[in-house]
Amino acid sequence: MIKPKDGFELPPSPPTLPIIGHLHLLLSGSTHKSLQKLSSRYGPLFHLNIFSVPVIFVSSASVAYEIFREHEVNFSLRGTPPIDESLLVGSFGFFTAPYGGYWKFMKKQMVTKLLGPQALERSRGIRGYEREGFHASLLDKAVKNESVEIGKEEMKFANNIICKMIMGRSCNEENGEAERVRDLVAESTALTMMIFVANMFQRPLKKLGITLFRKEIMSVSHRFNEVLERILEEHERKKDNYHDMDLMDVLLETCRDETAEYRITRNHIKSLFVDLVIAGSDTSRHATQWTMAEIINNPNVLERLREEIGSVVGKTRLVQESDLQNLPYLQATVKEGLRLHPPGALFARSSREGCKIRGFYIPENTPLVVNVYAVMRDPDTWEDPNEFKPERFLGFPCSGQQDERDHALKYIPFGSGRRGCPGSNLAYIIVGTAIGVMVQCFDWKIKADEVDMEEAPRALVLTMADHLSVFLLLAPADSKFLTWRCH
Ligand code: HEM
């Protein structure tokens, strides 16, 4: 048991069971909703004991705000990886790396070659090409009157973009490589609850020599390794002096360079690839699916989106990413979709040092879980928190940069601070253009009157219980150009 420090206690906690502590509360049904319910009883900052290890939970916008404003550096760790040698959340990974030299080095490469504003500008052509392919695939299904699984199409779109941006080519559709990578991403996402649990329990269980879910995690890691080793070898073979160096080239070169600022291995490169494709493609898939479901259930939103796209883009060309800045309602719709259905419903950090928050003591090395779902439905911060209202993000009352920063600390689908998501700009582009194309070019028919918004149980990445499957109808007769172009 953790002793109070200088009269300060841990945050409140429900009654606990012998040995397992509050384990049962964490594993029941929908974790983010159970935790949200607990917070209405025990407050926005409470703790649960997993066996004898305390884990702190944050459920309100104001506590999250305080943590990211006052204690950001202290909570810039993610805890120890459950299985060191795994390419998925192992000790070579970027996601799991402690905040320090390696993390800073990799972040610099990532921003310069992949996700920073200049890198995004350079890779615009890749996304334009994939956007046309995405539209063509939907159009083909509409013409054949086949049903479309929105999530599957979006996954392909996002995955192709991210792979091409990292390594100069998308995964190969012909030899099954692309399908294998997409399946591995989906399998990894399905494992996130196990990984989360393994991470929480690792301290008490490691002492007993037990590593939870080792078989499942290592099986995904081995299969990723097979695909990635082949890709790396191919990358090394094709090396010529003419093409622009992509992120993979830069990292392979660093790997060979004995004088590099940071010595990295092939496992570091593979783990980074795994982190990026998982972090980028499945999240975009779920965000698009949930947002489209909300749009279908809210015809007034659809109408307004159509009007905006019609007046800014017109009907003679496909919406493109440079249009997004002139489509505030589309941007607001994507933001609202992410607020109500954040793909990362919970994210975990860990304290470097003991600290005091709201009069409670958080000891060093203590896991802290932010309930993003609860924070973004906090009634003290959001009016009608459970309603889908994109207009709340229009003309947000900002009187200056501080207001904007304060708002950003409460709107956290991408986390916050230095460990916040470095791919948020790319994500807004991928999700925004996908939704833009679907709204601009198609009408949808679903089997029921409304899309069922039920969530899949025990999913840490917010997933719809039933895939969103629609029949696409070619949108208004006057958009013939869009129909014709992609035949
Ligand atoms: C809708 C799409 C996305 C959502 C909702 C999302 C959400 C998140 C969240 C909640 C975190 C944890 C943040 C924290 O601890 O504060 C995160 C981290 C991360 N995301 Fe994203 N993300 C998305 C897309 C992307 C994309 C497109 C990429 C890159 C291709 C990406 C790369 C990463 C990486 C590398 C991290 C780890 C950052 C670190 O540990 O320093 N994400 N993301």
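Keep in mind it's a predicted model, so treat the numbers as computed, not measured.

Scoring rules and cut-offs
The residue count restarts for each chain, going from 1 along the sequence in the order it is written. Given that the model is predicted, a residue must reach a pLDDT of at least 70 before its local features are reported, and side-chain atom pairs must reach 80 or more before they are shown or counted; all residues, however, enter totals for whole chains, interfaces and linings. Values shown for side chains rest on all heavy atoms present in the structure; no hydrogens or waters enter the calculation. Strands are runs of DSSP state E lasting at least 2 residues, helices are runs of H or I lasting at least 4, and numbering of each runs from the N terminus. Note on definitions: a residue-residue contact is assigned when non-hydrogen atoms from the two residues lie within 4.5 Å. Confidence scores here are pLDDT values: one per residue, from the predictor, ranging 0 to 100. Throughout, near means a residue has at least one heavy atom within 4 Å of the molecule or strand. Any pair of N or O atoms that falls within 3.5 Å is considered a polar contact. Within protein, one atom must be able to donate a hydrogen and the other to accept it, and sequence-neighbouring residues count only if both atoms are side-chain atoms. Each residue is assigned to one of three groups, with Ala, Val, Leu, Ile, Met, Phe, Trp, Tyr, Cys and Pro labelled nonpolar, Asp, Glu, Lys and Arg labelled charged, and all others, Gly among them, labelled polar. For every element, the axis is a line fit to its C-alpha atoms; helices are fit only across the contacting stretch, and the angle between N-to-C directions ranges from 0 to 180 degrees. Angle categories are assigned with fixed cut-offs, so that under 35 degrees is roughly parallel, over 145 is roughly antiparallel, 65 to 115 is roughly perpendicular, and the rest are oblique. Crossing handedness follows the turn of the near helix against the far one: under a right angle anticlockwise gives a left-handed crossing, and clockwise gives a right-handed one. Burial classes follow relative accessibility: with a 1.4 Å probe on protein chains only, a residue under 20% of its type's maximum area counts as buried, one over 50% as exposed, and anything between as partly exposed. When a carboxyl oxygen of Asp or Glu lies within 4 Å of a side-chain nitrogen of Lys or Arg, that pair is called a salt bridge. To pair, rings of Phe, Tyr and Trp, with the six-membered ring standing in for Trp, must have centres within 6.5 Å; the planes then decide the type, stacked if under 30 degrees apart, edge-to-face if over 60, and tilted in the middle. For a Lys NZ or an Arg CZ to count as sitting over a ring, it must be within 6 Å of the ring centre and within 35 degrees of the ring normal. Two strands form a pair only when DSSP identifies at least two bridges running between them. Water is not part of the atom set, so a site may look incomplete; the donors themselves are N, O and S atoms within 2.8 Å of the metal, or 3.2 Å for Na, K and Ca. Working rule for helices: expected span equals 1.5 Å times residues minus one. Throughout, nonpolar core names a set of buried Ala, Val, Leu, Ile, Met, Phe, Trp, Tyr and Cys residues whose side chains join them through atoms within 4.5 Å.

Participant: Got a minute to help me understand the overall build of the protein in this structure?
Facilitator: Within the protein, the regular secondary structure consists of 18 helices and nine strands. Look at the contacts in the protein between residues 6 or more apart in sequence, and 74% of them connect residues 24 or more apart.

Participant: I keep staring at the confidence of the model for the protein and nothing clicks. Help me out?
Facilitator: Residues shown with low pLDDT carry predicted positions that ought not to be read at fine detail. Looking at the protein as a whole, its pLDDT mean stands at 88, while 90% of the residues score no less than 70. Across the predicted assembly, pTM comes out at 0.93 and ipTM at 0.99.

Participant: Whenever I open this one, the site of the ligand confuses me. Can you help?
Facilitator: Surveying the vicinity of the ligand reveals 22 residues, the closest of which are Arg78, Trp103, Arg349, Arg419 and Cys421. Contacts to the ligand include Trp103, whose side-chain N or O atom sits 2.9 Å from an oxygen atom. A distance of 3.5 Å is found between a nitrogen atom of the ligand and a backbone nitrogen or oxygen belonging to Ala279. Contributions of two or more residues to the shell around the ligand are made by α12 (266–297) and β4 (346–350). Its residues assigned to classes, the shell around the ligand shows 13 nonpolar, six polar and three charged.

Participant: Explain the packing of helix α6 (residues 124–143) against helix α7 (residues 150–167) to me, please; I cannot follow it from the model alone.
Facilitator: Packed helices, taken two at a time, are described by the angle their axes make and the gap between the axes. One can describe the packing of α6 onto α7 by two numbers: an axis separation of 10 Å at closest approach and a directional angle of 160°. Classed by the angle they form, the pair α6 and α7 counts as roughly antiparallel. When you trace α6 past α7, the crossing you get is right-handed. Along the contact surface, α6 presents Ile126, Arg127, Tyr129, Glu130, Arg131, Phe134, Ser137, Leu138 and Lys141, while α7 presents Glu153, Glu154, Phe157, Asn160, Ile161, Lys164 and Met165. The residue makeup of the contact of α6 with α7, split by class, is seven nonpolar, two polar and seven charged.

Participant: Just checking my understanding: could you explain the environment of Ala64 for this structure?
Facilitator: Here Ala64 lies in helix α3 (residues 61–70). Residue Ala64 is classed as buried on the basis of its relative accessible area, which comes to 1%. Through-space distance from the C-alpha of Ala64 to that of Met165 is 33 Å; in sequence the pair is 101 residues apart.

Participant: What should I look at first to understand the pattern of salt bridges in this one?
Facilitator: Pairing between side chains of opposite charge can happen when their charged atoms approach one another. Following the criterion strictly, the structure yields 27 salt bridges and no others. Here Lys144 makes a salt bridge to Asp140, at a shortest N to O gap of 3.0 Å. Taking relative accessible area as the criterion, Asp140 reaches 37% and is therefore assigned partly exposed. Overlapping salt bridges bring together Glu229, Glu236, Arg256, Arg266 and Lys270 as one network.

Participant: What is the right way to read the packing of aromatic side chains from this model?
Facilitator: Aromatic ring pairs are defined here through the distance separating the ring centres and the angle between the ring planes. Enumeration over the complete set of coordinates arrives at 11 aromatic pairs. Here a set of aromatic residues connected by ring pairs shows up, and it is made of Phe94, Tyr99 and Trp103. The ring of Trp382 has Arg339 lying over it, and the distance from NZ or CZ to the ring centre is 5.4 Å. One residue, Lys410, lies across the ring of Tyr65, its end atom 5.1 Å from the ring centre.

Participant: Can you help me understand the pairing of strand β7 (residues 367–371) in this one?
Facilitator: Regular strands show a simple pattern: their side chains alternate between the two faces of the sheet. The buried count for β7 comes to five of five residues, which makes it a mostly enclosed element. Here strand β2 (residues 53–58) runs beside β7; their pairing, made up of three bridges, is parallel. Within β7, the residue paired with Phe57 across the bridge is Val369. As judged from the five bridges shared by β4 and β7, these two strands associate in the antiparallel manner. The residue bridging Ala348 from the neighbouring strand is Val369, located in β7.

Participant: Would you mind going over the coordination of the iron atom of the ligand with me for this structure?
Facilitator: Coordination angles at a metal have ideal targets, namely 109.5 degrees for four tetrahedral donors and 90 or 180 degrees for six octahedral donors. No protein donor other than Cys421 (SG) coordinates the iron atom of the ligand, and that contact is at 2.3 Å. You can see Cys421 is positioned in the loop between α16 (401–410) and α17 (424–441).

Participant: Could you clarify how one ought to interpret the sheet that holds β7 in this entry?
Facilitator: Backbone hydrogen bonds are what pair the strands of a sheet, in a parallel or an antiparallel way. As summarised here, the arrangement of the four strands in space is β1-β2-β7-β4, forming an open sheet in which the pairing is mixed. In the strand order of this sheet, the two ends are held by β1 (45–50) and β4, each with one partner. Pairs of neighbouring strands in the sheet enclose a mean axial angle of 30°, with direction left out of account. Strands β1, β2, β4 and β7 of the sheet are contacted by α3, whose axis makes an angle of about 110° with β2.

Participant: Would you take a moment to explain α17 for this structure?
Facilitator: In an α-helix, one turn spans 3.6 residues; hence positions three or four apart end up facing the same way. Taking 1.5 Å of rise per residue, the 18 residues of α17 would be expected to cover 26 Å, and the 26 Å separating its terminal C-alpha atoms lies within 8% of that figure. Of all the 18 residues making up α17, 16 are buried; the element is thus mostly covered by neighbouring parts of the structure.

Participant: I would appreciate a short explanation of the nonpolar core in the present structure.
Facilitator: For soluble globular proteins, nonpolar side chains are generally found buried alongside one another. Residues Leu88, Phe224, Ile435, Met438, Trp444 and Leu468 are the most contacted members of the largest nonpolar core, which totals 128 residues. If one sorts the elements of this core by residue count, α12 sits on top with 13 residues. Discounting residues that sit within four places of it in the chain, Ile435 has contacts with Thr288, Thr291, Met292, Ile295, Leu330 and Val334.

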